[in-house]
Amino acid sequence: MRSVQKLSVALAATATLLLAACSGSGGDASANGPVTLTWWHNRTTEPMKSIWQGIADDFHKSHPDVSFTIEPIQNEQFQTKVPLALQGNTPPDIFQQWGGGSLNSQLSSGKLADITQASSSWIGPLGQSAQGWQVKGKQYGVPYQMHAVGFWYRKDLFSQAGVTSPPSTLDELNAAVAKLKAANLVPIAVGGKDRWPDAFYFNYFAIRQCSVDALKKAVEKTELTDPCFTKAGENLKAFLDTKPFQEGFVGTPAQQGAGSSAGMLATGKAAMELQGDWNPDVMQSLSEDKQLDSKIGWFPFPSVPGGQGDPKAVLGGGDGFSCTSRAAKACADFLGYLVGEEVQKKLAATGSGLPVHPAAVASLKTETHKQIAEYTAKTPHLQFYLDIAMPTNVGQALNDAIANFFAGQGGPDTIVQSVTKAAAGNK
Amino acid sequence: MMSTATRSRPLTAPSPHAPAAGGARRRSRTRTRLELTFLLAPALVLFVGFVLVPIAVAAYYSLYSWNGFGPLTDFVGLDNYVDALSGDVFQSAIGHNLIIVALTIIVQLPLSIGLALLLNRKLRGRTFLRMVVFAPYVLSEAVTAVIWLLILQPGGFVDEVLRGVGLGWFVRQWLADPKIVLYTLFVVITWKYIGFGVILLLAGLQGVPAELREAAALDGAGPWQATRHVVLPLLGPTIRVWIFLAVIGSLQLFDLVWIMTLGGPANASTTMVTYLTDHGFKRYEFGFGSAVAVILFIICFTFALLYQRFALRRDTDGALTRAVN
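An unreviewed UniProt entry annotates chain A as Extracellular solute-binding protein of Lentzea indica.

Following this line, the structure appears as structure tokens:
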């Protein structure tokens, strides 16, 4: 008897505690009247942290009814925090959104706001950039900056090895690799430990091999059954067989320390790296070299003979925000402000990504970034990273299969099957 | 334990004046109840809220195919468990954990005992040496992992030292070679946790009476015999507790591996918990991840129960396992 009483005391106490925890504020903000937007973004460090704060302050000045509670959250934490928040009763009003398959998964929470209507007046200039944040033709967020992947290279090492111009075809790339090897240099650094840098290679070989239709269908149906993907895998195999990477590349991190792939490029220990436009910032943080910017150049992934893909198609993605339904109107207005010319110029000047508004390209910090932005703006097809475009579980399974392939396990068919398997729910 | 204590009190306290004693008994019983409520409730609430409820919820989630968003609608029964246990990667993850468990007991235990015996002797700079051995344990796993990631990188500190002392032929791709990455990680784990074992065993050694060793010496036992037949048996309880903690720790290995290799290359260093994190949080397969968590829980819990029952019982007899009458 006594223990029953004890248990009931304990249960009552637990219940009280849980009730107290669950009864958060459930206020509903109507379209009019003052509203405070909770904003989760991933810029926890300066200078971007203050820049976001400044942009929110400016918006508040012109829209006194809208105030902000800003919570910068460390990038990796979004993976765990967003599902929990969307499952709860008080999700943030604006939160970091990378689009594609994870956006699609988040939709089943029913908390994301459809901003198709609210964004119609200002979304035009974004063009195909905005597509990654659409699901079935509806807009569930917008990017505020885009990213594009290409080859970063050391001009000094290229001339040391006698490579006169950046390669524009796969044959030229192979020739450059051979020359760099002959000069005792590491031709290409890759951060194989992190897996996603490996995936860039398969993605690009697929983009060069497959028609835009085949790529779109693959993402739509979550399958890589078109033979062009197997061919892409074979091309990748042939490329890996030239052994273009540093020794032990499957254990190399992409961005941590001087021994990382970005660090190797920054310190002149490798000549090339296939990476996103963010790489100069990462490299600068790993190097004391103040002249680094002038030593680094960029060229797009070379064309591959025999493919049906567009040689000018670009692999990329972007950083964006989504709104939840509580204060969708105010949130959408704010997103419109973020992608407008004024803020876009301000963001472009920070060099943290490519602007989504064409008018802001001129404000980019370096010539190289302008080159990338112009190249990306003209591309006939901007292919979202396959792992982001597909449902999250499938994308990760694909990246794992590619990383295993880099480590010598499996073949082109295992990569193709990994997607089919994961889409069918097999582990 | 508590209920045993309260139940036995009336028996051991004879009551010459029945009515008065009855009143006192009632008062003391109320008081005991109040004490129990106040002292146990906070811990009990925390334990129920943060241990039992999450386990129950995970077990519930594990029966669904669920990506973490929206309601649980796709009931799949035990499919998640079947998928996990029949998957190559998870099987190899369990294997990796078992290898770490075995290595821990085979390598770390003798090493800890040896160091503890050494550091228990009177020698110059003993306090300093003890501190040195214990220092890595104070570091967080994340810091340890980052430090070792840097010194193990190709051409890094370890490689250069090996080349410097003429052992260049021994240099390997410590974290990139699927065949040796697990053992590299084990070395780092040993470096980090050896101090804990040593401190624990040193404390145990303080409980070995000097008289016993003297008596053994008088009876003609050499240092080795005295250690083997007097000191080690008396260290038994400490060693058994250490093994318990080490096995549970090895089964739950995560931070070091996640930071140093992410379970790679090609799943060569995947552990049960990195597998769980990979699927639960990176792939948004929360139902499946919960199933893996439940499997891990069952493995740890079964081990804990069996170990308590068969190995720790003699050490804890009367305190945990059986009521004292």
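Moving on, there is more to tell.
Caption draft 1: The nonpolar core, seen in detail. Membership of the largest hydrophobic core comes to 133 residues, with the highest contact counts inside it found for A:Phe68, A:Tyr201, A:Phe202, A:Phe229, A:Met272 and A:Leu335. Contacts of A:Leu335, omitting those with residues within four sequence positions, involve A:Ile94, A:Ile115, A:Trp122, A:Val142, A:Phe321 and A:Cys323.

Caption draft 2: Structural view of the domain arrangement of chain A. Residue and element names in this part refer to chain A. When cut into domains, chain A gives domain 1 (34–147 + 316–383) and domain 2 (148–314 + 387–423). Spacing between the C-alpha centres of domain 1 and domain 2 amounts to 27 Å. Contacts between the two partners involve 26 residues from domain 1, matched on the other side by 26 residues from domain 2. Summing both partners gives a buried area of about 2,000 Å² for domain 1 against domain 2, and 62% of it is carried by carbon and sulfur. The largest contributions to the domain 1 side of the interface with domain 2 come from Tyr375, His381 and Gln383, which together make up 32% of the buried area. Looking at the side of domain 1 that touches domain 2, the elements that each hand over two or more residues are α4 (100–107), β6 (142–154), α16 (367–378) and β12 (382–384). For the side of domain 1 that touches domain 2, the element with the highest residue contribution is α16, accounting for six residues.

Caption draft 3: Just unusual backbone geometry, in detail. With omega at 5°, the peptide bond leading from A:Glu46 into A:Pro47 counts as cis. Mapped onto the elements of the fold, A:Pro47 is located in the loop between β1 (35–41) and α2 (48–62). Residues B:Gly264 and B:Pro265 are joined by a peptide bond in cis, for which omega reads -10°. Note on placement: B:Pro265 falls in the loop between α11 (255–260) and α12 (272–282). If you check the backbone angles, A:Lys243 has positive phi at about 45° while not being a glycine. Within the element layout of this structure, A:Lys243 appears in the loop between α10 (227–241) and α11 (261–266). Judged by relative accessible area, which is 58%, A:Lys243 ranks as exposed. Phi at B:Asn267 takes a positive value of approximately 60°, unusual for a residue other than glycine. Mapped onto the secondary structure, B:Asn267 falls in the loop between α11 and α12.

Here is what the cut-offs are and how they apply
- Residues numbered from 1 in each chain as written.
- Chains lettered and ligands numbered in written order.
- Predicted model: local features only at pLDDT ≥ 70, side-chain atom pairs only at ≥ 80, totals over all residues.
- Heavy atoms only, no water.
- Core = buried A, V, L, I, M, F, W, Y, C linked by side-chain atoms within 4.5 Å.
- Buried < 20%, exposed > 50% of the residue type's maximum accessible area, 1.4 Å probe, protein only.
- Contact = heavy atoms within 4.5 Å.
- Domains from an automatic or database assignment.
- Buried area = accessible area lost by both parts, 1.4 Å probe.
- Helix = DSSP H or I, 4+ residues; strand = E, 2+ residues; numbered from the N terminus.

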